[in-house]
Structure formats: C-alpha cells, structure tokens
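Chains, contacts and geometry: an overview
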Amino acid sequence: LDDISFSATPLGTIESDLATSISVFPNPASDYVAISGDMLVNARISLHSILGEEVMNASSKSNYLSMYVSSYSSGVYFLSIHTDKGTAVKKIIVK
C-alpha cells in the first residue's frame, strides 16, 4: 500500500499573539478609544472607515494611546496597529 498523509487547515480565524496582546476599549465608543499593550511602543496606528478610507494615523511612543472618535460618523471602523512584529487589525464601533 502507498503511504498517504493528510494535513488539515482549521476553518475560521485565529487571532495572532499581537492582536491578543493589544486592548482597545471602550468598544463601542462615542468619545474616545484607548489602545494599550506592550507591543504598542513604536507602533504606527491607522484608522480606516468601512469603505477603506484612512481617517486617522498616528505613532505611539508608549504602551498607551488615547484616540478621540467623537468627530467621526457613527459606524464600523478598522484600527490597524503596525509594529516590527507584524500588523494587528481591530474592529471599532463608533456610536
């Protein structure tokens, strides 16, 4: 008989260590969003609308960043955190 091997790829999404090490709160938010995590130091942060339009970008020099969202329209936004370890994306709801 021939040797047969199978490999399986799980269905769904597994969050990376980077994504799980960064906290975004409160969510949903109306005034501000706080972003914290050890991997946030020297990170580049950008916020995109559901249509992909970049509405904000910033750099972080510490493990905490506060971002005001009160001037943005209500809806879903995607927060991208770019570090030397990779990129994490978090969904934010502005109400």
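See the structure above.
Residues numbered from 1 in each chain as written. Predicted model: local features only at pLDDT ≥ 70, side-chain atom pairs only at ≥ 80, totals over all residues. Heavy atoms only, no water.

1. A few points about the sheet that holds strand E5 (residues 64-68)
Here we have three strands laid out as an open sheet, ordered E1-E2-E5, and antiparallel in their pairing. Looking along the sheet, the strands with just one partner apiece sit at the ends: strand E1 (23-25) and E5. On average, each strand axis in the sheet is inclined to that of its neighbour by 15°, with strand direction left out of account. Pairing geometry for E1 and strand E2 (residues 32-36), over three bridges, is antiparallel. Within E2, the position partnered with Ser23 by the bridge is Ser36. (Pairing = 2+ DSSP bridges. Helix = DSSP H or I, 4+ residues; strand = E, 2+ residues; numbered from the N terminus. Axes fitted to C-alpha atoms, helices over the stretch in contact; angles between N-to-C directions.)

2. Remarks on the environment of Gly75
Inspection of the secondary structure puts Gly75 in strand E6 (residues 75-83). Taking the C-alpha atoms as reference points, Gly75 and Val94, separated by 19 residues in sequence, lie 5.3 Å from one another. Setting aside residues up to four positions removed in sequence, Gly75 forms contacts with Ile92, Ile93 and Val94. (Contact = heavy atoms within 4.5 Å.)

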